[in-house]
Amino acid sequence: MVALMLVTLTVSAQDDAKYTIKAGAGASSIVGADADTNMKFAFKVGASYDLSLSENFSIIPGLELAFKGYGSDIYSKDVNMGYLEVPIFAAYKFPLTDNMKLAVKAGPYVAVGLFGSELEFGNMKFGIFDSEYGYSRFDVGAIGGVSLEFEKFMVGVEYSRSLKKLDSDFSQYNQAFGAVFGYKF
């Protein structure tokens, strides 16, 4: 009986599922007790799958390439970090009109650092994700947002914050926020 319910739920949920490609732009920085950084331009591109579990509730997993980092006076240049991020939103959608909904969404994300700045400190040169001197390549955090969905378009804002220290010796965490735009198909 439980298996039948799960199959029914999965089939009915897939009928309403929609793919979305999205892009976003905003700002990122490092926060925490040991963070003394400035905001810098950040952006992301990706895709998601809207799995409707009911008329108003959805689970929305995604895959994004997120460019984060911070402005630094120590390195005299912006520090860039590129992540492959997997956010998983739980979204509640409030109908505003027949073809417009306001979605409030939140959930966890996991990420792996793919590339980033090469830094110099004194006589040392190292990559941002080098195991000896750089930040941890893996990140886990929380992400939330609000979006307006109409026709095949989505526009909104999102905020993400790391819950894992970038470096075990310092209290520093990624954060990013910005506007997002999407197209559903």
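Look a little higher up for the structure.
This one's a predicted model, so the numbers in the text were calculated from it and none came from an experiment. (Residues numbered from 1 in each chain as written. Predicted model: local features only at pLDDT ≥ 70, side-chain atom pairs only at ≥ 80, totals over all residues. Heavy atoms only, no water.)

(A) Molecular detail of the sheet that holds strand 9 (residues 153-162). The sheet built from eight strands closes into a barrel, its strands ordered 1-2-3-4-5-8-9-10 with antiparallel pairing. Averaged over all pairs of adjacent strands, the angle between their axes in this sheet comes to 25 degrees, without regard to strand direction. Two strands pair when backbone bridges link them, and strand 4 (residues 77-97) and strand 5 (residues 100-116) are joined in this way by 14 bridges, in the antiparallel orientation. Looking at strand 5, one finds that glycine 82 is bridged to phenylalanine 115. (Pairing = 2+ DSSP bridges. Helix = DSSP H or I, 4+ residues; strand = E, 2+ residues; numbered from the N terminus. Axes fitted to C-alpha atoms, helices over the stretch in contact; angles between N-to-C directions.)

(B) Local environment of the environment of leucine 148. With respect to the helices, strands and loops of the structure, leucine 148 is situated in strand 8 (residues 138-150). Separated by 13 residues in the primary sequence, leucine 148 and tyrosine 135 have C-alpha atoms spaced 35 Å apart. Other than its neighbours up to four places away in sequence, leucine 148 contacts Leu96, Met100, Lys101, Leu102, Phe153, Met154 and Val155. (Contact = heavy atoms within 4.5 Å.)

(C) Structural view of the nonpolar core. Tyr70, Met81, Ile128 and Tyr135 are the most contacted members of the largest nonpolar core, which has 18 residues in total. At the level of elements, strand 3 (57-72), strand 4 and strand 5 are the ones that each hand at least two residues to this core. Broken down by element, this core gets its largest block of residues, five residues, from strand 4. With residues near it in sequence (within four places) discarded, tyrosine 70 still touches Ser28, Ser29, Ile30, Thr37, Asn38, Lys40, Tyr75, Asp78, Val79, Met81 and Tyr135. (Core = buried A, V, L, I, M, F, W, Y, C linked by side-chain atoms within 4.5 Å. Buried < 20%, exposed > 50% of the residue type's maximum accessible area, 1.4 Å probe, protein only.)

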